[in-house]
Amino acid sequence: MICHESGLQEMLEIGLYLGSGQRYLLYYYGRLAITNDAGLMRWPEGPKVIVAVIKAQECACGLSPARKSYLLAKLRSLEDVRKIQSRQAGEDRCRLSLQRS
């Protein structure tokens, strides 16, 4: 949880410099990222999930305790899904190599 909390704080600090408009908190290849409207339109292909839409004011003033708890819980659940998918991919690779033998 501390890892997610520090990552969330880092993204809010970066969000201060993204100009006006909304910011998008992303989970991209198992990593937390933040971007604005223009960046989202040019974001590279890959497995990304928009975790939340963040207002500029939230970056400047911080998140409410309830919002922070919600986002941390959501990040934990995404991390759990990523671990399961990674484990399943490893099992699939193992099955394929056994079938070839």
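Note: the structure precedes this text.
Residues numbered from 1 in each chain as written. Predicted model: local features only at pLDDT ≥ 70, side-chain atom pairs only at ≥ 80, totals over all residues. Heavy atoms only, no water.

Participant: Run through the sheet that holds strand β2 (residues 31-36), naming residues and quoting values.
Facilitator: Strands sit in the order β2-β1-β3 across an open sheet of 3 strands; the sheet is antiparallel. Single-partner strands in this sheet number two, and they are β2 and β3 (48-54). Strand after strand, the sheet turns through a mean of 30 degrees between neighbouring axes, direction not considered. For strand β1 (residues 23-28) and β3, the ladder comprises 6 bridges, and the chain directions are antiparallel. In the sheet register, Arg23 faces β3, and the bridge partner there is Ile54. (Pairing = 2+ DSSP bridges. Helix = DSSP H or I, 4+ residues; strand = E, 2+ residues; numbered from the N terminus. Axes fitted to C-alpha atoms, helices over the stretch in contact; angles between N-to-C directions.)

Participant: Describe the pattern of salt bridges, and please don't skip the residues or the numbers.
Facilitator: For the structure shown, the criterion picks out 2 salt bridges. The partner of Glu58 in a salt bridge is Arg67, with the nearest N and O atoms 2.9 Å apart. Taking the relative accessible area as the measure of exposure, Glu58 reaches 15% and is therefore buried. (Salt bridge = Lys/Arg side-chain N within 4 Å of Asp/Glu carboxyl O. Buried < 20%, exposed > 50% of the residue type's maximum accessible area, 1.4 Å probe, protein only.)

Participant: Help me get a handle on the packing of aromatic side chains, residues and values and all.
Facilitator: Going through the model one piece at a time under the given rule, you end up with 2 aromatic pairs. Note on Tyr28 and Tyr29: the rings are 4.8 Å apart at their centroids and 80 degrees apart in plane angle, and the pair reads as edge-to-face. Under the relative-accessibility criterion, Tyr29 is labelled exposed at 53%. Ring geometry for Tyr28 and Trp43: centres 5.5 Å apart, planes at 85 degrees, overall edge-to-face. Of this pair, Tyr28 sits in strand β1 while Trp43 is found in the loop between α2 (37-41) and β3, placing the two residues 15 residues apart along the sequence. Here Tyr28 and Trp43 have matching classes, each one buried. Linked through ring pairs, Tyr28, Tyr29 and Trp43 together constitute an aromatic cluster. (Phe/Tyr/Trp six-rings, centres within 6.5 Å; stacked < 30°, edge-to-face > 60°.)

Participant: Go over the side chain of Glu58, please, and point to the residues and values.
Facilitator: By secondary structure assignment, the location of Glu58 is in helix α3 (residues 56-61). A polar atom in the side chain of Glu58 sits 2.9 Å from the backbone nitrogen of Lys55. When residues no more than four places from it in sequence are discounted, the contact partners of Glu58 are Leu12, Val53, Leu63 and Arg67. (Polar contact = N/O pair within 3.5 Å; in protein donor to acceptor, adjacent residues only side chain to side chain. Contact = heavy atoms within 4.5 Å.)

Participant: Explain the nonpolar core to me, and be specific about the residues and the numbers.
Facilitator: Judged by nonpolar contacts, the single largest core of 15 residues is most densely connected at Leu8, Leu25, Val51, Ala52, Ile54 and Leu71. Residue assignment for this core shows that the elements contributing at least two residues are α1 (2-15), β1, β3 and α4 (65-100). The element best represented in this core is α4, accounting for 4 residues. Sequence-distant contacts of Leu25, that is, excluding residues within four places in its chain, are made with Leu8, Met11, Leu32, Ala33, Val49, Ile50, Val51, Ala52, Ile54 and Leu71. If you look at the next biggest cluster of nonpolar residues, it comprises 6 residues, including Tyr24, Tyr28, Ala33 and Trp43. (Core = buried A, V, L, I, M, F, W, Y, C linked by side-chain atoms within 4.5 Å.)

None of this, on its own, says anything about what the molecule does.
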